[in-house]
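This is what each chain is made of:
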Amino acid sequence: MKKGVTITILIFIAIVFFGALYYLYAKNQESPVVFETDKTEVKTIIKNTIATGNIVPDEEVLIKPNISGIIEQVYIKAGQTIKAGDLIAKIKVVANVSNLSSTQNQVQTAKINLDNQEKLFQRQKTLFDKGVISANDFDAAQVAYKQAKQNYTASKQGYDIVKTGTTSGLGNYANTLIRSTVNGMVLAVPVKVGNQVIESNNFNEGTTIASVADVGRMIFVGKIDESEVGKIKINLPIEITVGAIENKKFDAVLTDIAPKGVVENGAIQFEIKASLTNRDDTFIRAGLSANASIILEKANKVMALKEALIQFDAKTQKPYVEVETTTQKFVRKDIVLGVSDGIYVQVKRGLKSSDKIKVWNQGLKKEEPKP
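Criteria and thresholds
- Residues numbered from 1 in each chain as written.
- Predicted model: local features only at pLDDT ≥ 70, side-chain atom pairs only at ≥ 80, totals over all residues.
- Heavy atoms only, no water.
- Pairing = 2+ DSSP bridges.
- Helix = DSSP H or I, 4+ residues; strand = E, 2+ residues; numbered from the N terminus.
- Phe/Tyr/Trp six-rings, centres within 6.5 Å; stacked < 30°, edge-to-face > 60°.
- Buried < 20%, exposed > 50% of the residue type's maximum accessible area, 1.4 Å probe, protein only.
- Patch = residues over 30% accessible without salt bridge, like charges linked within 9 Å, V, L, I, M, F, W, Y side chains within 5 Å.
- Areas by Shrake-Rupley, 256 points an atom, 1.4 Å probe, with all protein chains shown as cover.
- Salt bridge = Lys/Arg side-chain N within 4 Å of Asp/Glu carboxyl O.
- Core = buried A, V, L, I, M, F, W, Y, C linked by side-chain atoms within 4.5 Å.

Enquirer: Explain the sheet that holds strand 10 (residues 210-213) here, please?
Expert: Sheet strands line up and pair through hydrogen bonds in the backbone, either parallel or antiparallel. Read from one edge to the other, the open sheet built from 4 strands follows the order 3-10-8-5, with strand pairing classed as antiparallel. Two strands in the sheet have a free side with no partner beyond their single neighbour: strand 3 (60-63) and strand 5 (81-82).

Enquirer: Hey, could you run me through the packing of aromatic side chains in this one?
Expert: Aromatic ring pairs are reported here in terms of the distance separating the ring centres and the angle at which the planes meet. Counting across every chain of the model gives 3 aromatic pairs. For the pair Phe121 and Tyr145, a centre-to-centre distance of 5.2 Å together with 5° between the ring planes defines the contact as stacked. One end of the pair, Phe121, is in helix 2 (residues 97-129); the other, Tyr145, is in helix 3 (residues 135-164), and 24 residues separate them in sequence. Across the pair, exposure class does not vary: Phe121 and Tyr145 are buried alike. In this structure an aromatic cluster arises from ring pairing among Phe121, Phe128, Phe138 and Tyr145.

Enquirer: Any chance you could explain a nonpolar patch on the surface here in plain terms?
Expert: A cluster of nonpolar residues, Ile9, Leu10, Phe12, Ile13 and Val16, forms a patch on the protein surface that exposes about 510 Å² of accessible area. With respect to the element layout, Phe12 can be found in helix 1 (residues 2-29). Classification of Phe12 by relative accessible area gives exposed; the value is 56%.

Enquirer: Explain the pattern of salt bridges to me, please; I cannot follow it from the model alone.
Expert: Side-chain pairs of opposite charge can arise where the charged atoms are in close proximity. All chains considered together, the criterion is met by 14 salt bridges. Two residues, Asp38 and Lys306, come together in a salt bridge whose shortest N-O distance is 3.4 Å. With Asp38 in strand 1 (residues 37-38) and Lys306 in strand 16 (residues 289-306), the pair connects residues that are 268 residues apart, well separated along the chain. Two residues, Asp58 and Arg217, come together in a salt bridge whose shortest N-O distance is 3.0 Å.

Enquirer: It is not clear to me how the pairing of strand 12 (residues 237-242) should be interpreted in this structure. Could you clarify?
Expert: The side chains of a regular strand alternate between both faces of the sheet. By the alternation rule, side chains of strand 12 split into Ile238, Ile240 and Val242, which are all buried, and Pro237, Glu239 and Thr241, of which none is buried. Bridging between strand 12 and strand 13 (residues 249-257) involves 5 bridges; their strand directions are antiparallel. From the neighbouring strand, Glu239 faces strand 13, where its bridge partner is Asp251. With antiparallel pairing between neighbouring strands as the criterion, strand 12 and strand 13 make up a hairpin whose turn holds 6 residues, including Asn247 at a positive phi of roughly 55°. As judged from the 5 bridges shared by strand 12 and strand 16, these two strands associate in the antiparallel manner. Across the sheet, Ile238 pairs through a bridge with Ile294, a residue of strand 16.

Enquirer: Would you explain the nonpolar core in this entry?
Expert: Nonpolar side chains in soluble globular proteins generally cluster together in the buried interior. The biggest cluster of nonpolar side chains holds 26 residues, and the ones touching the most others in it are Ile55, Phe220, Ile232, Ile240 and Ile294. Looking at this core, the elements with two or more residues in it are strand 2 (41-57), strand 11 (218-225), strand 12, strand 13, strand 15 (267-276) and strand 16. In terms of nonpolar packing, the next biggest core, distinct from the first, is built from 16 residues, Ile67, Ile76, Val186 and Ile209 among them.

Have a look at this one:
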């Protein structure tokens, strides 16, 4: 019995002993970690921020009538290029009954006054021809008669304008003919024949008959978040990407930053404007959505390194890399960094183009489980 227990214990000890020897042997046979290396590259690094918005004309003019009425004729359509003075529409005046009655009464009053002054003038003329009155009295009667005649003519013209919107003698100044005030392209014609329009005055902005703009002067109008607005300033270069125009970018310059933000979806947004500088012959339609890449910093063709290769000192937080001296032997080198785009960073000092940089975090990569 005792002999069997002893043999069992000895066998167990032998198994443990040989198992330990095999483990140590297998461990010694594992390949040592071989660190890969990488090099610096020559790149143009751009640090930017993105703003979303639209392409709109720099100046859009709304053509409005100076008399109320009904659209009788429209002479233009959207997309048409026109010049200042070109005819846009014709308005048929619908007379206001109150104004019409008032001006009609003014005509009748002026006519009564004219008839009276004419009688006085003829009487004074007869007396003057006989030498009864002086030349001064005759001249006064003649002036009064001419003034009465002028008032009567003016009152009739006022009556015609209220009734029809125009009168003889006005020519191109007729209120019923609406003309363009600027050169440009017609962006929209929001009225049709038969629509009623309201005149533009001090109390009413009036009905827009057409919107005209110079499409050769387009700008970007967008919004930027409050977290980014402190990083930008006037005259910064911008790259505009229009969604409807593929594989093309337009250069622009930041011209305006709103001094006051507005709340949109719980975030403070600031409006910005940028003027396009290289349009080429590309036709950009007003209102197209676009993205603006605002260039905060730019380093042209500089020594660049992947940010993943950079380590930071635990105490000083200063950046450094490990440079290979001999095979799998590395030495630490402190470096000075510049502009970063999140993937590559500019190396100002500390490295040469021939240096081999240790990929220090390759051991942290885990193999993905096989399906």
